[in-house]
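Residue strings, one per chain:
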Amino acid sequence: MDRQLDLQCDRFPEDFVWGAATSAYQIEGAAEVDGRKPSVWDTFSATPGRVQDGQTGAIACDHYHRYPEDIRLLAELGIQHYRFSISWARVMPDGRGIVNEAALDFYRRLVDELRKYNITPHATLFHWDSPQALEDRYGSWQSREMAQDFAAYAEAVVSRLGDRITHWMTLNEIMCFTHFGYGVQVPIHAPGTVVRTQKQVWQTSHHALLAHGLGCQAIRSASPVPCSVALVDNFAVPVPLTELPADCEAARQAFPFCGYNGGILLPALTGEYPSNWLAKMGEAAPEIQEGDLATIHQPLDALGFNVYSGVYVRAIEQAPGYEILDFPRGYPRMHMPWLQIVPESLYWGVRHISETLGRSDLPILITENGCAADDELTAQGEVMDSDRILYLRQYLSASHRAIREGYPLKGYFVWSLMDNFEWSWGYDRRFGIVYVDYATQARIPKASAHWFSTCIRHNQIV
Ligand code: GBH
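Residues numbered from 1 in each chain as written. Predicted model: local features only at pLDDT ≥ 70, side-chain atom pairs only at ≥ 80, totals over all residues. Heavy atoms only, no water.

**Quick notes on the side chain of E422**
Note the threshold: Under the DSSP-based scheme used, a helix requires at least four consecutive residues in state H or I and a strand at least two consecutive residues in state E, with every element numbered from the N terminus. Each residue's exposure class comes from its accessible area (1.4 Å probe, protein chains only) as a fraction of the maximum for that residue type: buried when under 20%, exposed when over 50%, partly exposed otherwise. Positive: Lys, Arg. Negative: Asp, Glu. His and the chain ends are not part of the count. What makes a salt bridge here is a side-chain nitrogen of Lys or Arg within 4 Å of a carboxyl oxygen of Asp or Glu, nothing more.
In this fold, E422 is placed in the loop between β11 (409–415) and β12 (434–437). Buried charge without a partner: E422 forms no salt bridge, and the closest opposite charge is R429, 8.6 Å away.

**Topic: unusual backbone geometry**
At the junction of A190 and P191, the peptide bond is cis and its omega measures out at 0° in the coordinates. Along the chain, P191 turns up in the loop between α9 (174–182) and α10 (198–222). A cis geometry characterises the amide bond from A319 onward to P320, with omega recorded as 5°. Topologically, P320 is positioned in the loop between β8 (311–315) and β9 (322–324). Positive phi, close to 50°, is recorded for A60, a residue that is not glycine. Within the secondary structure, A60 is located in the loop between α3 (40–46) and α4 (63–76).

**Observations regarding the pairing of strand β5 (residues 228–233)**
Rules: Strands are treated as partners if at least two bridges between them are detected by DSSP.
The buried count for β5 comes to six of six residues, which makes it a mostly enclosed element. Both faces of β5 are covered, namely the face carrying S228, A230 and V232 and the face carrying V229, L231 and D233. The pairing of strand β4 (residues 167–172) with β5 spans four bridges and is parallel. Across the sheet, residue H167 finds its bridge partner in β5, namely S228. In this structure, β5 lies alongside strand β7 (residues 302–306), joined through four bridges in parallel fashion.

**Describing the pairing of strand β1 (residues 17–21)**
Within a regular strand, the side chains alternate between the two sheet faces. Burial of β1 is extensive: five of the five residues sit out of reach of the surface. Neither face of β1 is open: one carries V17, G19 and A21, the other W18 and A20, and all of them are buried. One ladder, built from five bridges, connects β1 with β11; its direction is parallel. If you follow A20 over to β11, its bridge partner there is V414. Looking at chain direction, β1 and strand β2 (residues 81–85) are connected through three bridges and run parallel. From the neighbouring strand, G19 faces β2, where its bridge partner is H81.

**Things to note about the packing of helix α6 (residues 101–116) against helix α8 (residues 145–161)**
Short version of the rule: Angles shown run from 0 to 180 degrees and are taken between the N-to-C directions of axes, each axis being a line fitted to C-alpha atoms and, for helices, limited to the stretch in contact. An angle below 35 degrees is read as roughly parallel, one above 145 as roughly antiparallel, one from 65 to 115 as roughly perpendicular, and any other as oblique. Crossing handedness is read from the near helix: turned anticlockwise from the far helix by less than a right angle, it gives a left-handed crossing, and turned clockwise, a right-handed one. Residue contacts follow a heavy-atom distance rule, with two residues in contact if any of their heavy atoms lie within 4.5 Å. Under this grouping Gly is polar, as are all residues other than the nonpolar Ala, Val, Leu, Ile, Met, Phe, Trp, Tyr, Cys and Pro and the charged Asp, Glu, Lys and Arg.
Here α6 crosses α8 at 50°, and the two axes come no closer than 11 Å. Judged on the interaxial angle alone, α8 and α6 are oblique. Classified by chirality, the crossing of α8 by α6 is right-handed. Counted together, E101, L104, Y107 and R108 of α6 and V157, R160 and L161 of α8 form the full contact between these two elements. Class assignment for the residues of the contact of α6 with α8 results in four nonpolar, no polar and three charged.

**Remarks on the site of the ligand**
Just so we agree on the cut-off: A single heavy atom is enough: if one lies within 4 Å of a molecule or strand, its residue is considered near that molecule or strand. In protein, a polar contact means a hydrogen-donor-capable atom and an acceptor-capable atom, both N or O and within 3.5 Å, with residues adjacent in sequence counting only if both atoms are side-chain atoms; elsewhere, any N or O pair within 3.5 Å suffices. Per-residue and other accessible areas were derived by the Shrake-Rupley procedure at a 1.4 Å probe size, with only the shown protein chains allowed to occlude residues.
Residues in contact with the ligand amount to 18 residues; listed here are only the nearest, Q26, H127, E173, E422 and W423. Note that an oxygen atom of the ligand is positioned 2.8 Å from one of the side-chain N or O atoms of Q26. Within the side chain of Y308, a nitrogen or oxygen atom sits 3.3 Å from an oxygen atom of the ligand. Protein chains shield 79% of the accessible area of the ligand, which is 580 Å² for the free molecule. Considering each element in turn, the shell around the ligand owes the most residues, three residues, to α9. Of the residues that constitute the shell around the ligand, the class distribution is ten nonpolar, five polar and three charged.

**Examining the pattern of salt bridges**
Under the defined criterion, the tally for this structure stands at 29 salt bridges. For D42, the salt bridge identified is with R36, shortest N-O distance 2.9 Å. For the pair formed by D42 and R36, the shared burial category is buried. Among the ionic pairs, R220 bridges to D301, the shortest N-O distance being 3.0 Å. One end of the pair, R220, is in helix α10; the other, D301, is in the loop between α14 (292–296) and β7, and 81 residues separate them in sequence.

**Observations regarding the sheet that holds β8**
In spatial order, the strands read β6-β8-β9; together these three strands make up an open sheet with mixed pairing. Looking along the sheet, the strands with just one partner apiece sit at the ends: β6 (238–240) and β9. Put simply, the sheet's adjacent strands are angled 40° from each other on average, direction ignored. Where β6 and β8 come together, three bridges link them in parallel fashion. Paired with P238 across the strands is V311, a residue of β8. Lying over the sheet, helix α11 (residues 245–254) contacts β6, β8 and β9, oriented at roughly 120° with respect to β8.

**What about the packing of aromatic side chains?**
We apply this condition: The criterion for an aromatic pair is that two Phe, Tyr or Trp rings (for Trp, the six-membered ring) have centres within 6.5 Å, with stacked assigned to planes under 30 degrees apart, edge-to-face to planes over 60 apart and tilted to the rest.
Considering all chains together, one arrives at 41 aromatic pairs under this definition. Ring geometry for F16 versus W18: centroids 5.2 Å apart, planes at 80°, classification edge-to-face. Comparing F16 with W18, the two get one shared label, buried. With a centroid separation of 5.4 Å and 90° between ring planes, the pair formed by Y25 and F421 is classed as edge-to-face.

Interpretation note: all reported values are geometric properties and have no functional meaning in isolation.
This is the structure we're talking about:
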């Protein structure tokens, strides 16, 4: 044993969940295979000007055919937990009605392959790829019907795969496929419909919250065995500029008003849109029908927290007592305009859930953390991404701090297992710890993959 490592007390708990994550549309490809029909992302990416260089997920990493190799890679790296998503447009090509058994067979084969290596599957039911048929029928998330249809889809999947999968996640990052899909003038997410009012935009995320609630109920009633159900959110994290009490208090005050927290995370976890948030929204607040909040407010076994960056906050004298700070030009960031390096966002995100929400009983999983880097394959066939290691090491240190201080952080999934279709950026931005050479579909573990693997083996940051 390496003595130097042993002397540090930065081990993770023995049962800490070390994992890697992906999503269906970003890796599977095989867009027209085995009865799959288009999702809104097929349509969006086929629309000129939406995705960089006109790229689509039609082939992506061809994971649909190469999954045995990808799972062998997970096993070789010692990654014992895998978070992937299931494609609604594969399982129910028309969004509702007929269930496509060929698609379910694919996911059965995938999970059986994982189990061969003792890798635990964590399945997300929805990672942005709504069936196009539902977009055509009623504008997908613009309609309340979407929530019912999602629950029926969840029921179809869990009743068939619930013998093999016991870790379920409902929806990934509600704000992305609602607010970025319907609410921005230059659409960066499918379907890219621009609705007329802010109220209509908040209505789409309200429908997504309903889908989450009905989905939770459907999963629990369809599962043949007790299972774990989680929501995955990328809530915004105010990080105190200093950790003096005044700035910490300012960050706490800011939490419900940062990003979309007040309209998405808080109703999901508390069963209420905060009254001061509703007051601030005025006319833009969504229409809430009787019983909606009770439906949305389902017991959760875990909260999935996707964390990439954060915002600094400091205390000020004037109301409201806090100020959300802009990043200075030149603040260190990774290879995305929004990817400022704020490692303490992971720690503060976990702490805000416990402190602001008083939910110290809710286990938290980091369901995504990672970064794009300007990776280059050397002549020796290596990718020396020391910049990614720098980024990941700092966020893992923040994870360790949260655990040391007693917060219920149970696991960490790196985003992503491999380079993939990075939405409106196409294949230009690489988030993988494994490099994908798209010309040959060769998988080449980057230096960060070997490093991450070593961390897992030692159960500590190396
Ligand atoms: C995750 O979202 C996704 O779950 C995953 O599929 C994706 O591959 C990964 O991140 C990397 O991007 O354009 O300035 O308006 C991350 C959360 C939310 C971050 C939307 C970027 C847009 C900022 N993303 N946000 S901007």
